[in-house]
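Analysis of the macromolecular model
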Amino acid sequence: MLTRRTFVVTSLLATTSPAYAVIPTPSDPVAILTAIYTRAAKGKGDGGGAFVIANKVAKSQYLSKALIALWAKADAHTPKGDVGPIDFDPVTNSQEPDVKSFKVDAEKMEAEKAIVAVTITGHRNDRKPADLIVRYDFVRGANSWRIDDIRGSSDGEAWSIRKMLTDSLKS
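About the cut-offs
Residues numbered from 1 in each chain as written. Predicted model: local features only at pLDDT ≥ 70, side-chain atom pairs only at ≥ 80, totals over all residues. Heavy atoms only, no water. Phe/Tyr/Trp six-rings, centres within 6.5 Å; stacked < 30°, edge-to-face > 60°. Helix = DSSP H or I, 4+ residues; strand = E, 2+ residues; numbered from the N terminus. Buried < 20%, exposed > 50% of the residue type's maximum accessible area, 1.4 Å probe, protein only. Salt bridge = Lys/Arg side-chain N within 4 Å of Asp/Glu carboxyl O. pLDDT = per-residue confidence, 0-100. Contact = heavy atoms within 4.5 Å. Pairing = 2+ DSSP bridges. Axes fitted to C-alpha atoms, helices over the stretch in contact; angles between N-to-C directions.

As a further point, take the packing of aromatic side chains. A full pass over the atoms with the stated rule returns four aromatic pairs. When the ring of Tyr-37 is compared with that of Phe-102, the centres are 5.7 Å apart and the planes differ by 40°; the resulting orientation is tilted. Linking Tyr-37 in helix α2 (residues 29-41) with Phe-102 in strand β1 (residues 101-109), this pair joins segments that are 65 residues apart in sequence. You can call Tyr-37 buried: its relative accessible area is 0%. Residue Phe-102 is classed as partly exposed on the basis of its relative accessible area, which comes to 25%.

Shown next, in the form of structure tokens:
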């Protein structure tokens, strides 16, 4: 079972200039993830990718309408004062973001759906190899690609953003 982790909101979010608040969305899933991870790897690579889910504007830029709706429903279901169902940086699959370099691979590309894997290399070597791969399910809507799920593993145990959000509604 995936244990709850404290969500780390990095100083990047607090110090990001308005010019970086909304990044133009590239036209395909590989380009989208390349842009996200390029930003996450800047500096010491500890800025993470929480900017993707930082607020409603960011979510609407990167996530599918269905995933945004599910996330909002799960957040509304969370008792006041509790940490939400996603309490870590799903882009870097870590409490403490660490992105030195990355490799983006399109595993499946169809007209309306895509699966893209990102393999992360960090400055530290304290994670299992399987935990360094994050997969993104994309859907195309209104001529733009959006993330519909993010999947990975933590300590060898599989997780999915959709599953975590859905499971949080059961409690």
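Let us look at the pattern of salt bridges. In the structure shown here, the tally under the stated rule is eight salt bridges. Asp-105 is the partner of Lys-103 in a salt bridge, and the nearest nitrogen-oxygen pair spans 3.9 Å. By relative accessible area, which is 30% here, Asp-105 ends up partly exposed. In this structure, Arg-135 engages Glu-107 in a salt bridge whose closest nitrogen and oxygen atoms are separated by 2.9 Å. Within this pair, whereas Arg-135 is found in strand β3 (residues 133-141), its partner Glu-107 is found in strand β1, the two being separated by 28 residues in sequence.

It is worth spelling out the confidence of the model for the protein chain at this point. Across the protein chain, the average pLDDT comes to 80, with 84% of residues at or above 70. Throughout residues 1-25 the model reports pLDDT below 50, and contacts reaching past four residues in sequence, or to other chains, amount to 46 contacts.

Another point: the sheet that holds β1. Strand order in the open sheet formed by five strands is β1-β2-β3-β4-β5, with antiparallel pairing between adjacent strands. Lying at the two open borders of the sheet, with one neighbouring strand each, are β1 and β5 (157-160). Strand-to-strand twist in this sheet, taken as the mean axis angle between neighbours without regard to direction, amounts to 25°. Pairing analysis gives seven bridges linking strand β2 (residues 113-121) to β3, with the strands arranged antiparallel. Bridge assignment links Ile-115 to a residue of β3, and that residue is Asp-137.

Of all eleven residues in strand β4 (residues 144-154), eight are buried; the element is thus mostly enclosed. Between β3 and β4, which pair antiparallel and follow one another directly, the connecting turn spans two residues, one of which, Ala-142, has a positive phi of 50°. As paired elements, β4 and β5 share four bridges and run antiparallel to each other. Residue pairing for β5: Ser-154 is matched across the bridge by Glu-157.

What follows is about the environment of Lys-59. Locating Lys-59 in the fold gives a position in helix α3 (residues 56-62). Remark: the alpha-carbon pair of Lys-59 and Trp-71, spanning twelve residues in sequence, is separated by 9.7 Å. Look past the residues within four positions of Lys-59 in its chain and what remains in contact with it is Val-52, Ile-53, Ile-68, Trp-71 and Asp-75.

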